[in-house]
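Fold and contact review
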Amino acid sequence: MSSLWVLIHLLYLTAEDLKEQRISMMVILELCGSGMLCAVQAGRAPSLLPGCLILLTGFFSRERIGYGDGWLMLALGMWMNTAELLRLFSGGVMLGFLYSLGCRKRDIPLVPFLTAAYVMEKWI
């Protein structure tokens, strides 16, 4: 059930990122809050390191990777462990890289590729 909850949020954020080239902080906060409740109830610690590293990368790269992507990874860290997050991020970046090679685009949104990587990880 939690996989479906995360997927619904990712799909919404994907549509938003493709349409407006930004993602809603309210949706990210809702995903983070609900994930935090589930993590506390399950007695597991959230995985914050990948999201923090992405936020730092966004800062030092002058937002070549957006802050929203870092906040989203922090929220996903409430639902997944570090290994899952790293696989998700690596998969999303790889899919985005392949897409950008095929389309010859430099600036592409990351969330749609994170969503595709999530679907591939959970259901394929």
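Below, the structure is looked at part by part. For clarity, every value in this text was computed on a predicted model and none was experimentally measured.

Rules behind the numbers
Throughout, residues of each chain are indexed from 1 in the direction in which the sequence is written. The predicted nature of this model means local features are confined to residues of pLDDT at least 70 and side-chain atom pairs, given and counted, to a pLDDT of 80 or more, with totals for whole chains, interfaces and linings taken over all residues. Hydrogens and water are ignored here; the side-chain numbers use all heavy atoms of the structure. Only DSSP runs of H or I with at least four residues qualify as helices, and only runs of E with at least two residues qualify as strands; both kinds are numbered from the N terminus onward. Take the number of residues in a helix, subtract one, and multiply by 1.5 Å to get its expected span. Each residue gets one of three labels from its accessible area relative to the maximum for its type: buried under 20%, exposed over 50%, partly exposed in between, using a 1.4 Å probe on protein chains only. When checking whether two residues touch, look at their non-hydrogen atoms; a contact exists if any pair is within 4.5 Å. Points on a 1 Å grid, built from protein atoms alone, make a cavity when a 1.4 Å probe fits but cannot get out and make a pocket when they are open with protein on both sides within 12 Å along at least 5 of 7 lines; residues with an atom within 4 Å of a point are the lining residues. Grid points are joined across faces, edges and corners, and a volume is the space filled by probe spheres set on the points. Residue type decides the class: Asp, Glu, Lys and Arg count as charged, Ala, Val, Leu, Ile, Met, Phe, Trp, Tyr, Cys and Pro as nonpolar, and the leftover types, Gly among them, as polar. Any Lys or Arg side-chain nitrogen found within 4 Å of a carboxyl oxygen on Asp or Glu counts as a salt bridge.

**Here we look at helix α2 (residues 25-42)**
When the terminal C-alpha atoms of α2 are compared, their 25 Å separation across 18 residues agrees well with the 26 Å that a helix rising 1.5 Å per residue should span. Considered for burial, the residues of α2 that qualify are Val27, Ile28, Leu31, Cys32, Ser34, Gly35 and Ala39. Packing partners of the buried residues in α2 comprise α1 (2-20) and α4 (67-76). Once α2 ends, the next one or two residues include Gly43, with phi positive near 75°.

**Some points on the layout of surface pockets**
The computed volume of the largest pocket comes to approximately 780 Å³. For the lining of the largest pocket, the elements supplying multiple residues, two or more each, are α1, α4, α5 (82-103) and α6 (111-123). When residues in the lining of the largest pocket are grouped by element, the largest group, 7 residues, is from α5. Looking at the lining of the largest pocket residue by residue, the classes come out as 12 nonpolar, 6 polar and 9 charged.

**Examining the pattern of salt bridges**
Throughout the structure, instances matching the rule amount to 4 salt bridges. Measuring nitrogen to oxygen at the nearest pair gives 3.7 Å for the salt bridge that ties Lys122 to Glu84. Placement of Lys122 in helix α6 and of Glu84 in helix α5 is noted, with a sequence separation of 38 residues between them. Between Glu121 and Arg87 there is a salt bridge; the shortest N-O distance is 3.0 Å. Of this pair, Glu121 sits in helix α6 while Arg87 sits in helix α5, and the two are 34 residues apart along the sequence. Taking the relative accessible area as the measure of exposure, Glu121 reaches 33% and is therefore partly exposed. With a relative accessible area of 45%, Arg87 lands in the partly exposed category.

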